[in-house]
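The chain contents come next:
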Amino acid sequence: MLKLLFALLTLFVPLVGSSASNSFEQKSEVLHAKMDIKSAESDDFLSYWRDDFRKDDQGKLIAICDITYAEYMSMYEKYATLNESDRNIINSTADYEEGYTIKDSIKELIRIYSGKKQNSEGERRTLNQSSTIAVIVVIAVFGMSVICVFFVMKNVNLIK
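Engineer: Before we move on, could you go through the packing of helix α2 (residues 69–80) against helix α4 (residues 102–113) and cite the residues and values that matter?
Structural biologist: With their axes 11 Å apart at the nearest point, α2 and α4 run at an angle of 130° to one another. It follows that α2 is oblique to α4 by the angle criterion. The two elements α2 and α4 cross, and the hand of that crossing is left-handed. Listed contacts from α4 to Tyr-69, Tyr-72, Met-75, Tyr-76 and Tyr-79 of α2 are Ile-106, Leu-109, Ile-110 and Tyr-113. Per-class residue counts for the contact of α2 with α4 are nine nonpolar, no polar and no charged.

Engineer: Could you give an account of the packing of aromatic side chains, with specific residues and numbers?
Structural biologist: If you walk through the whole model with that rule in mind, you get ten aromatic pairs. Seen in terms of ring centroids, Phe-45 and Tyr-79 are 5.9 Å apart; in terms of plane orientation they differ by 50°. Their pairing is tilted. You can see Phe-45 sitting in helix α1 (residues 2–53) and its partner Tyr-79 sitting in helix α2, a full 34 residues away along the chain. Accessibility assignment for this pair places Phe-45 and Tyr-79 in one class, buried.

Quick notes on the rules
- Residues numbered from 1 in each chain as written.
- Predicted model: local features only at pLDDT ≥ 70, side-chain atom pairs only at ≥ 80, totals over all residues.
- Heavy atoms only, no water.
- Axes fitted to C-alpha atoms, helices over the stretch in contact; angles between N-to-C directions.
- Helix = DSSP H or I, 4+ residues; strand = E, 2+ residues; numbered from the N terminus.
- Parallel < 35°, antiparallel > 145°, perpendicular 65-115°, else oblique.
- Left-handed = near helix turned anticlockwise from the far one by under 90°.
- Contact = heavy atoms within 4.5 Å.
- Nonpolar A, V, L, I, M, F, W, Y, C, P; charged D, E, K, R; others polar.
- Phe/Tyr/Trp six-rings, centres within 6.5 Å; stacked < 30°, edge-to-face > 60°.
- Buried < 20%, exposed > 50% of the residue type's maximum accessible area, 1.4 Å probe, protein only.

Below, the structure written as structure tokens:
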């Protein structure tokens with residue numbers, strides 16, 4: 001009985017082991033394919049950062065403070081779509097300035113444009129209700145003051 005069990009075990013172990021290793025290899029290939037997709041996204045962002053975002057048409061480096069709000073928003077939209085592992089890769093990559101990473105440059109751009117809603121071309125600025133009332137009151141007070149000064153000057157006979 002023991003010999004029969006041993007014989008069956010020796011026959012089935014290689015089959016189970018090979019299917020497990022095939023399953024592991026398939027999972028490993030899927031994992032590598034997913035990692036390549038993540039790497040492709042981070043590579044695309046890095047090439048965009050280095051070739052389009054930080055350089056002008058002549059290939060000269062653009063300083064962080066010279067980047068427009070529209071360019072910043074376009075870059076930030078691409079950056080926001082990256083997953084966490086790709087962002088970690090991007091954040092740790094060195095930028096053009098020595099000692100700075102891309103994360104440092106993005107933080108600086110956020111600091112520059114934080115709280116500022118830039119108007120796009122053609123968009124009109126409007127005053128809110130309380131500001132409009134304040135402007136009207138100031139103009140009215142100034143107008144009444146001028147009229148009072150002229151009235152006093154006429155009563156004192158300075159003007160005729």
